[in-house]
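What follows is the residue order along each chain.
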Amino acid sequence: MIDLQLSKYIYTSEGDQMLTIEMQIETGSVVALYGSSGVGKTTLLRMLAGLTKPDDGHIEVNGQIWFDKKKGIHVSPQKRGVGMVFQEYALFPNMTVRQNIEYGLADHRDKRWVDELLELTDLTQLSSRKPGTLSGGQQQRVALCRTLAHNPSLLLLDEAFSSLDQATRTRLQDETLRLHRHFSLTTILVSHDIEEIRKMADVVIKIEQGKIIKQGKPADLLYAPKKYHHIELTGILTKVETVEGGCILTIHASDSTHRIFLDTASTVQNPTQWQVGDSIVITLPYESSSVRKL
Amino acid sequence: MEEYLETLLLTCQLAFCTTFILVIVSIPLAYGLAFFRFRIKPIIEALISLPLVLPPTVLGFYLLVTFSPENMLGHWLEKYLHVSLNFTFAGILIGSTIYSLPFMVHPIQAGFENFPSILLDASYTLGKSRMTTLWKVILPNIKPSLLSGIVLTFAHTMGEFGVILMIGGNIPGETRVASIVIYDLVEDLKYKQANQYALALLLFSFVLLIALYRLSRRTQSHTLF
C-alpha cells in the first residue's frame, strides 16, 4: 500500500498554485493520473521518485517511509527502488541498447537477466544499436526494459506512450500491462489519452487546480465516446445517379446539399432501392468525424 | 639545434603537465559550479575568470611575492619542505595552472550546464550515484566540451609569456620556454632564429585547433548533442 499526503507549491504556465494531494494506492494496481496540462501530475510522479522534494507531507510505501517533512526524512531516488519511464525516453546516447539496459541492472542481478529482458521485449536484434538509430517505439521499449532491469517495485510512466503512433502505442500498452502482471508491479501512469486509461488502469484519479477532484474506476468516471458519440443528419433524397462501381446520392439536409458516393459493396442491394423523396439519415461515426470552426 | 629542441620540449612538457593537472582539478570544480548553489559561488566564478582580464604580469608579480622566502608561504615551503618555487619548473607550472584555469573550467562547466537533466534523473532513478552518473553518463556525453578545454589549455600554455617571465625568469632547461626565447632573440635582433621558434608555435597551435574542430565534429555526431 502506498500512502501519501503531499503539498508542493508549483510554478506552471497557467500560473502558480499549491498542489495538495492525499491518496492511497493498492499494491499491484495500475493507477492513472488524469487532468489538464500543468496541474501537477508530473510533479507528483517526480515527488514519488524522489526527484522533487515536497514542501510538506509524507510518503509511505509498504511500511517504509520515503518522505516525512516533520521527521526530516527524504530517501534519495537511488534508494527508493522506483522505475520511471519518461516521455522523452531519456536513453543514454553514448551506450548501445544492451549497455543502456545493463546500466539499469541492479548490482546483485545476473547479466543473463538482460538477455531475458531483451527477448521479452523483442529487442535482441537491436542490442548493439545506439539509441539514436532507433524509432520512437523501439526507444520507448528500451526505456521500459532498462527500467525493469532495475527491478523496481513501483513503475512510474510519465506520458510514456504519448509521442508514439497508434499502432506502436497499442502494442506497448499491451506489453507494459503484460510486464506489470509478470513482475507484480504497482504502476502509476500519467496520461491524457482516455482510451489508454480505460484500457490500462484499475483506478483513475482526476487532478484539477492542484487537487484530486475525482477518483474511481475508469468505466465509472470516464466518458465512453465510441459508444455514444456520433453525428446524425436527417434530409431528403433529391437525386440518385448510377455510376461505375456504385451510385451517388444527392441529399438535402439542414439547408445544404450533400453528395455521397456509395460503392457496390456498401449498397449491397440494387441502387434502385433509393427513391427520390425518401427521408434519409446520414450517420458520421466518432472515429471519422472532425469538428472545425468556420 | 640542441637548445632549440630542449626549449620546445620544455614548452611541451609545461603545456602537458598544466593540462593534465587542470583536467583533474577542473572536472570537480566545474561540476560543483554547474550543479550546486551556494552563497560564495559568484566569488569563486570571479576568481576563476580573473586571469582572463588580469595582465599576466600582475598575476606573475603576486605569485613571485607569495613564493618568496620573505613571505609566509614561501618561507614555510622552504623551511619545512625544502622547496623553492621561484625560478623553477614547479613554480612556472603552478603559475601556468592558475593562469589557464578558466580555459579548462569554462568549457567543462558549459558542458555540464547544457547536459539534459532528464538523463541525470534517469540515472538516479536507476539507483546510480552522482559519481557513477558523472563517469558513465555525463563525461562520455560532453566529450566536445572536454576536448575543447584540453586543446585550449594546451595551446594557451604553449604560448604563455608574462606569468612565466615573472616567476621563472629565463633559465635554460628549467624555465626558458619558447615564447621567452622569441622575446630574447628579437631583443638581440636575431629575427631569423626567432622565426624558427615562432613558426613552430604558430604551426603547432594551428594544427591543434584543426584537430579540435575535426574531433569535436566527429564526437558530436556520435553523441547526438
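Calculation notes
- Residues numbered from 1 in each chain as written.
- Chains lettered and ligands numbered in written order.
- Predicted model: local features only at pLDDT ≥ 70, side-chain atom pairs only at ≥ 80, totals over all residues.
- Helix = DSSP H or I, 4+ residues; strand = E, 2+ residues; numbered from the N terminus.
- Rg over C-alpha atoms; globule rule 2.2 N^0.38 Å.
- Buried ≥ 20, exposed ≤ 12 C-beta atoms within 10 Å, placed from the backbone.
- Contact = placed C-beta atoms within 7 Å.
- UniProt positions renumbered as here; feature names shortened; annotations may be inferred.
- Axes fitted to C-alpha atoms, helices over the stretch in contact; angles between N-to-C directions.
- Parallel < 35°, antiparallel > 145°, perpendicular 65-115°, else oblique.
- Left-handed = near helix turned anticlockwise from the far one by under 90°.
- Nonpolar A, V, L, I, M, F, W, Y, C, P; charged D, E, K, R; others polar.
- Core = buried A, V, L, I, M, F, W, Y, C linked by C-beta atoms within 7 Å.

## Considering the overall build of chain A
Part 1 of the argument: When helices and strands are counted, chain A shows 9 helices and 15 strands.
Part 2 of the argument: For chain A, the C-alpha radius of gyration of 25 Å lies well beyond 19 Å, the compact-globule estimate for 294 residues.
Part 3 of the argument: Taken along its principal axes, the extent of the C-alpha atoms in chain A is 80 × 45 × 30 Å.
Part 4 of the argument: Here chain A holds 294 residues, and the buried ones make up 35% of them.

## Digging into the overall build of chain B
Part 1 of the argument: Summing up its helical and strand segments, chain B has 11 helices and 0 strands in all.
Part 2 of the argument: Tracing chain B from N to C terminus, the helices and strands come up as α-α-α-α-α-α-α-α-α-α-α.
Part 3 of the argument: For the C-alpha atoms alone, the extent of chain B along its principal axes is close to 65 × 45 × 30 Å.
Part 4 of the argument: Put simply, chain B has 225 residues, and 36% of those count as buried.
Part 5 of the argument: Counting only contacts in chain B whose residues sit at least 6 apart along the sequence, the fraction spanning at least 24 positions is 75%.

## A word on the UniProt feature "transmembrane region" (unreviewed entry) in chain B
All names here are of chain B.
Part 1 of the argument: UniProt annotation of "transmembrane region" (unreviewed entry) refers to residues 13-36, 43-65, 85-105, 146-167 and 197-215 when read in the numbering used here.
Part 2 of the argument: Taken as a whole, residues 13-36 contains 96% helix and 0% strand, while its terminal C-alpha atoms sit 34 Å from one another.
Part 3 of the argument: The straight-line gap between the two end C-alpha atoms of residues 146-167 is 29 Å; of that span, 86% is helix and 0% is strand.

## Focus on the environment of Ile27(B)
Part 1 of the argument: Tracing the backbone shows Ile27(B) in helix 1 (residues 2-35).
Part 2 of the argument: For Ile27(B) and Ile108(B), which are 81 residues apart along the polypeptide, the C-alpha to C-alpha distance reads 7.0 Å.

## Remarks on the packing of helix 2 (residues 97-104) of chain A against helix 3 (residues 112-120) of chain A
All names here are of chain A.
Part 1 of the argument: Between helix 2 and helix 3, the shortest axis-to-axis distance is 10 Å and the interhelical angle comes to 120 degrees. Compared by their axis directions, helix 2 and helix 3 come out oblique. The element helix 2 and its partner helix 3 pack so that their crossing is right-handed. The segment helix 2 lies against helix 3, with Arg98, Ile101 and Glu102 engaging Val114, Leu117 and Leu118.
Part 2 of the argument: A class-by-class count of the residues in the contact of helix 2 with helix 3 yields 4 nonpolar, no polar and 2 charged.

## Focus: the interface of chain B and chain A
For an interface, size is often stated in terms of accessible area lost upon the parts coming together.
Part 1 of the argument: Contacts between the two partners involve 16 residues from chain B and, on the opposite side, 18 residues from chain A.
Part 2 of the argument: Those elements that provide at least two residues to the side of chain B that touches chain A are helix 6 (117-125) and helix 7 (130-141) of chain B.
Part 3 of the argument: When residues in the side of chain B that touches chain A are grouped by element, the largest group, 6 residues, is from helix 6 of chain B.

## A look at the nonpolar core
Part 1 of the argument: One finds Ala32(A), Leu48(A), Cys145(A) and Leu156(A) to be the most contacted residues of the largest nonpolar core, which totals 107 residues.
Part 2 of the argument: Per-element tally for this core: the top contributor is helix 5 (residues 89-113) of chain B, with 9 residues.
Part 3 of the argument: Discounting chain neighbours no more than four positions away, the residues touching Leu156(A) are Leu45(A), Leu48(A), Ala49(A), Val82(A), Gly83(A), Met84(A) and Ile188(A).

## A few points about unusual backbone geometry
Part 1 of the argument: Backbone geometry places Ala90(A), a non-glycine residue, at a positive phi of 55 degrees.
Part 2 of the argument: Mapped onto the fold, Ala90(A) is located in the loop between strand 7 (82-85) and helix 2.
Part 3 of the argument: For Phe87(B), which is not glycine, the phi dihedral falls at a positive 60 degrees.

## Some details on the packing of helix 1 of chain B against helix 5 of chain B
Two packed helices can be described by the angle between their axes and the distance between those axes.
Residue and element names in this part refer to chain B.
Part 1 of the argument: Two numbers describe how helix 1 lies on helix 5: the axes approach to 7 Å, and their chain directions differ by 45 degrees. Classified by the angle their axes make, helix 1 and helix 5 are oblique. In the crossing of helix 1 with helix 5, the sense of the turn from one axis to the other is right-handed.
Part 2 of the argument: Here the contact of helix 1 with helix 5 is built from residues that sort into 19 nonpolar, 6 polar and 1 charged.

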